[in-house]
Amino acid sequence: MAQREVGVGLVGYAFMGRAHSNAWRQVVHFFDPPITPRMVAICGRNEERVKAAAEKLGWQSYETDWRKLVRRDDIHIVDVSTANDTHAPISIEAAKQGKQVFCEKPLARTLKEAERMLDAVVAAGVTHGVCFNYRRAPAVQLAKQLIASGRMGKVFHFRGTYLQDWIVDPNFPLVWRLRKSVAGSGALGDLAAHVIDLARFLVGEIVEVVGYLHTFIKQRPLPAEEVGGLTGRAGQQMGEVDVDDASLSIVIFDNGAIGYIEATRFAPGRKNYNRFEINCEKGSIVFNLERMNELEVYFRDEPQEVQGFHQVMVTEPGAHKYIAAWWPPGHIIGYEHTFVHTVYDFLRGVAGEEYFEPDFYDGVQCQRVLDAIERSAQKRKWVTVEILPEIQERRKKQAEQTATAKRKK
């Protein structure tokens, strides 16, 4: 895009809307993106609340109809931070209007929805991206660098868990994340999608899965603003939980590595425990989002008397990606910074400086894995995951670039 400034429209003002708003507001204060985002409008159905959100979060105006927002001439990027059931209609219409589309994860409720979204952005020729923000934690970037450079050798195991505990209480209400019609799935799409994306980013494509899904609490009280449903023993109006509370899966990668992915919202004491361990030919890597500025590494080629896991503080401006924009060494960053990094790279993608990943191809590929796990759980059998041709071609080019870089060294 030729213009120096681009208008951004955000749909959604709750948890993710706040995180995204902060990223759009902060990115120019710490980075130098090739184009400057102008926070034109935020959208939500409740006028009183969205007006208050616009004032608090730094938006110039607000809309109560997303259709109006995506058709505004002063908006060039549409950021979709709504519940999962509206990702597809908003993204597809935004693409038809020629807007660049940035969408929260998971890309959609179902594989078919995700594929329709991909078709729309490709047909429109617009920049598209999925907000798998954990890729852009500096420690994860270091893990990627160590693996891609060959320093760790062949990958054997990927072990990923994402644990939370916010719905253990049976009296917790039936919010939208516990309804299939809105969310598509439970812990599988909400949490395991992040682990799957990290596994794909760090290790390779998942080609076969066997999965299990479980729901511990089948009925929950309806939110206070709703009417109807079943009557519980305490006189509560109840509704059915029709998504998974927990998911387990064994996965096989195209490069021969094997993996295990667990996601649950029934792990008391675990608030946002997104952890992976990768075991390789020459060592191992461990990351835990709750200690996101640290990376544990183990190298087999170190002298035996000092062998062991080393805790690396990933805050060195000259060595660790994104850190130079922030604070001196040892001054840690937080969750919100991963969104700033993601928005910065998306702006570079819109400007044509560097292709943005993960894009909607990645979103669909992740959705293929989610879909395969769900089908496997239903059938109680292994299920094959097909890889998009575009993803295969990208992997091939990346492998060639890595090989060339190694030869130059």
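You'll find the structure just up there.
The sections below set out a description of the structure shown in this document. What you see is a predicted model, and the numbers here were worked out from it, not measured in a lab. (Residues numbered from 1 in each chain as written. Predicted model: local features only at pLDDT ≥ 70, side-chain atom pairs only at ≥ 80, totals over all residues. Heavy atoms only, no water.)

Digging into the overall build of the protein
Okay, so step 1: Counting its regular elements, the protein contains 11 helices and 18 strands.
Okay, so step 2: A compact globule built from 409 residues should have a C-alpha radius of gyration of about 22 Å, and the protein, at 21 Å, falls within 12% of that.
Okay, so step 3: If you line up the protein on its principal axes, its C-alpha atoms span 65 × 55 × 40 Å.
Okay, so step 4: Expressed as a percentage of contacts within the protein between residues at least 6 apart in sequence, the contacts between residues at least 24 apart total 69%.
Okay, so step 5: Just so you have it, the protein exposes about 18,300 Å², and 50% of that area is on carbon and sulfur atoms.
Okay, so step 6: Each charge class in the protein was averaged separately, 53 positive and 52 negative side chains, and the resulting centres sit 2 Å apart. (Helix = DSSP H or I, 4+ residues; strand = E, 2+ residues; numbered from the N terminus. Rg over C-alpha atoms; globule rule 2.2 N^0.38 Å. Contact = heavy atoms within 4.5 Å. Areas by Shrake-Rupley, 256 points an atom, 1.4 Å probe, with all protein chains shown as cover. Lys, Arg positive; Asp, Glu negative; His and termini not counted. Charge placed at Lys NZ, Arg CZ, Asp CG, Glu CD.)

Considerations on the environment of V168
Okay, so step 1: Secondary-structure assignment places V168 in the loop between β7 (155-163) and α7 (180-183).
Okay, so step 2: Along the sequence, V168 and A267 sit 99 residues apart, while their C-alpha atoms lie 7.7 Å from each other.
Okay, so step 3: Ignoring sequence-local partners within four residues, the contact set of V168 consists of I217, R265, F266, A267 and P268.

Quick notes on the sheet that holds strand β12 (residues 246-253)
Within a sheet, neighbouring strands are paired by backbone hydrogen bonds and run either parallel or antiparallel to one another.
Okay, so step 1: Taken together, 9 strands build an open sheet; the order of strands is β17-β16-β15-β14-β7-β13-β12-β8-β18 and the sheet is mixed. Looking at which strands have only one partner, the edges of the open sheet turn out to be β17 (310-313) and β18 (383-384).
Okay, so step 2: One ladder, built from 5 bridges, connects strand β14 (residues 273-280) with strand β15 (residues 283-288); its direction is antiparallel. When the sheet's bridge partners are listed, E277 is paired in β15 with V286.
Okay, so step 3: Contacts between helix α6 (residues 138-148) and the sheet are confined to β7, β14, β15, β16 (294-299) and β17, with β16 contributing the most and set at about 25° to the helix.
Okay, so step 4: Against the sheet, helix α8 (residues 187-202) engages β7, β8 (206-214), β12, β13 (258-264) and β14, with an angle of about 150° to β13. (Pairing = 2+ DSSP bridges. Axes fitted to C-alpha atoms, helices over the stretch in contact; angles between N-to-C directions.)

Some words on the pattern of salt bridges
Pairing is possible between side chains of opposite charge, provided their charged atoms come close.
Okay, so step 1: Evaluated as defined, the whole model comprises 29 salt bridges.
Okay, so step 2: In this structure, the salt-bridge partner of D345 is R136, at a minimum N-O distance of 2.6 Å. A residue pair is termed long-range when its members are at least 10 positions apart, and D345 in helix α9 (residues 335-351) and R136 in the loop between β6 (128-131) and α6 qualify at 209 residues. Taken as a pair, D345 and R136 share a single burial class, namely buried.
Okay, so step 3: Sharing partners across several salt bridges, the network here consists of R135, D197, R200, E205, E357, D359, D362, R394 and R395. (Salt bridge = Lys/Arg side-chain N within 4 Å of Asp/Glu carboxyl O. Buried < 20%, exposed > 50% of the residue type's maximum accessible area, 1.4 Å probe, protein only.)

Observations concerning the packing of α6 against α8
Okay, so step 1: Contact pair α6 / α8: the axes reach a minimum separation of 9 Å and the direction vectors enclose 35°. Facing α6, whose interface residues are V140, Q141, A143, K144 and I147, α8 presents L198, F201 and L202.
Okay, so step 2: Partitioning the contact of α6 with α8 into residue classes produces 6 nonpolar, 1 polar and 1 charged. (Nonpolar A, V, L, I, M, F, W, Y, C, P; charged D, E, K, R; others polar.)

Notes on unusual backbone geometry
Okay, so step 1: Following K105, the chain continues into P106 via a peptide bond in cis, with omega recorded as -15°.
Okay, so step 2: Examined against the element boundaries, P106 turns out to sit in the loop between β5 (100-104) and α5 (111-124).
Okay, so step 3: At the junction of E357 and P358, the peptide bond is cis and its omega measures out at 5° in the coordinates.
Okay, so step 4: Turning to its location among the elements, P358 is positioned in the loop between α9 and α10 (360-379).
Okay, so step 5: A positive phi is found at R380, a non-glycine position, where the angle reads about 55°.
Okay, so step 6: Summarising the element assignment, R380 is placed in the loop between α10 and β18.
Okay, so step 7: Judged by its relative accessible area of 63%, R380 is exposed.

Overview of helix α1 (residues 15-30)
Okay, so step 1: Between its terminal C-alpha atoms α1 stretches 23 Å, which fits the 22 Å expected from 16 residues at 1.5 Å a residue.
Okay, so step 2: Helix geometry: α1 is bent most strongly at W24, by close to 25°.
Okay, so step 3: Buried residues of α1: M16, G17, A19, H20, S21, N22, A23, W24 and V27, and no others. (Expected span 1.5 Å × (residues − 1). Bend = angle between axes of the 7 residues up to and from the residue.)

Topic: the sheet that holds strand β2 (residues 36-43)
Okay, so step 1: Strand order in the open sheet made by the 6 strands is β3-β2-β1-β4-β5-β6, with parallel pairing throughout. Of all the strands in the sheet, just β3 (61-63) and β6 have a single pairing partner and so form its edges. Neighbour-to-neighbour, the strand axes of this sheet turn through a mean angle of 25°, independent of strand direction.
Okay, so step 2: Across the sheet, α10 lies against β5 and β6, angled at about 50° from β6, the strand it touches most.

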